[in-house]
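# Remarks on the overall topology
These are the residues of each chain, in order.
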Amino acid sequence: MKPIRRVVTGVDAAGRSRVLWDSAAPNVNVGRIAASAGMTDIWVFDECPAPVRGERDDGKRPFAFEPPEQGGHLRIVHSAGKPQDYDPAQDPSAVPPHAPRQRLGASTWDRGGQNAFSSPVHRSETVDVGVLVEGQRTLLLDDGRYPLAPGDVVVQLRNWHGWTNPDAPSLMAFVMMAADDHGDR
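The following paragraphs examine the structure supplied in this document.

Taken together, the side chains of V131, V133, V153, V155 and L157 make up a nonpolar region of the molecular surface, amounting to roughly 440 Å² of accessible area. Every element with two or more residues in the nonpolar patch is listed here: β9 (126-135) and β12 (153-157). Along the chain, V131 turns up in strand β9.

With that settled, consider empty space enclosed by the protein. Inspection of the entire model under this criterion finds 1 cavity of 30 Å³ or more. Of the pockets and cavities examined, the largest cavity occupies roughly 260 Å³. In this structure, the largest cavity is lined by 24 residues; those nearest its centre are M39, V77, S119, R137 and W163. For the lining of the largest cavity, the secondary structure elements donating two or more residues are β4 (37-45), β5 (72-79), β13 (162-164) and β14 (170-178). Grouping the constituent residues of the lining of the largest cavity by class yields 12 nonpolar, 9 polar and 3 charged.

Glancing now at the sheet that holds strand β8 (residues 122-123). By way of backbone hydrogen bonds, the strands of a sheet pair with one another, either parallel or antiparallel. Taken together, the 3 strands give an open sheet; going across it, the order is β6-β7-β8, and neighbouring strands pair in antiparallel fashion. Looking at which strands have only one partner, the edges of the open sheet turn out to be β6 (101-102) and β8. When strand β7 (residues 109-110) meets β8, the two strands line up antiparallel, connected through 2 bridges. Within the sheet, the bridge partner assigned to D110 lies in β8 and is H122.

Attention now goes to the pattern of salt bridges. Overall, the coordinates contain 12 salt bridges when judged by the stated rule. Residues R56 and D58 are paired through a salt bridge, measuring 2.7 Å at the closest nitrogen-oxygen approach. R56 sits in the exposed class, given a relative accessible area of 52%. According to the relative accessible area criterion, D58 is buried, its value standing at 5%. Each of D46, R56, D58 and R61 takes part in a single network of salt bridges with overlapping partners.

A cis geometry characterises the amide bond from C48 onward to P49, with omega recorded as 0°. Mapped onto the elements of the fold, P49 is located in the loop between β4 and β5. Phi at R158 takes a positive value of approximately 55°, unusual for a residue other than glycine. Turning to its location among the elements, R158 is positioned in the loop between β12 and β13. Relative accessible area serves as the criterion here: at 25%, R158 is assigned to the partly exposed category.

Rules used in this analysis
Residues numbered from 1 in each chain as written. Predicted model: local features only at pLDDT ≥ 70, side-chain atom pairs only at ≥ 80, totals over all residues. Heavy atoms only, no water. Patch = residues over 30% accessible without salt bridge, like charges linked within 9 Å, V, L, I, M, F, W, Y side chains within 5 Å. Areas by Shrake-Rupley, 256 points an atom, 1.4 Å probe, with all protein chains shown as cover. Salt bridge = Lys/Arg side-chain N within 4 Å of Asp/Glu carboxyl O. Helix = DSSP H or I, 4+ residues; strand = E, 2+ residues; numbered from the N terminus. 1 Å grid on protein atoms, 1.4 Å probe; cavity = no way out; pocket = protein on both sides within 12 Å on 5 of 7 lines; lining within 4 Å. Points joined across faces, edges and corners; volume = space filled by probe spheres on them. Nonpolar A, V, L, I, M, F, W, Y, C, P; charged D, E, K, R; others polar. Pairing = 2+ DSSP bridges. Buried < 20%, exposed > 50% of the residue type's maximum accessible area, 1.4 Å probe, protein only.

So far we have only geometry, and geometry alone does not tell us how the molecule works.
Structure, rendered in structure tokens:
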């Protein structure tokens, strides 16, 4: 996994801007969702508006796939490219497609379809904004496959989706925020 430099700024007692932390992001989680992927949490916030005073490092929180119930997080997802000789039928981490089921202790649902180079098809109670920073990535939806190039942005509104890398590694930034689908507002 590529280390992600995280520069967090704030203010000192006199109100002057300054750097609070400048180092590799400390919250790196490898293999939690797919064997060839890792997630680096940059910042997590429990609510909006998010608190911005003090020197608490909200980038060093216990890993959870979903953001806090009333908040969100910024996460970088690193995914390896699929080798040409990869055979999903020989992949011990593969999970075939299945009926929707809720993940244990979470509000995310998944339908399987996962292997070492593809996430499971899943849906969470979130608005997800993803920006492909480098490499190639393909968004999998019920109506088709959507290849992405660096600079492309995806906004997901609590829909079923999955991710796969065609043959090159990728780096994608996501902001996941709690959502509410209880009618139009």
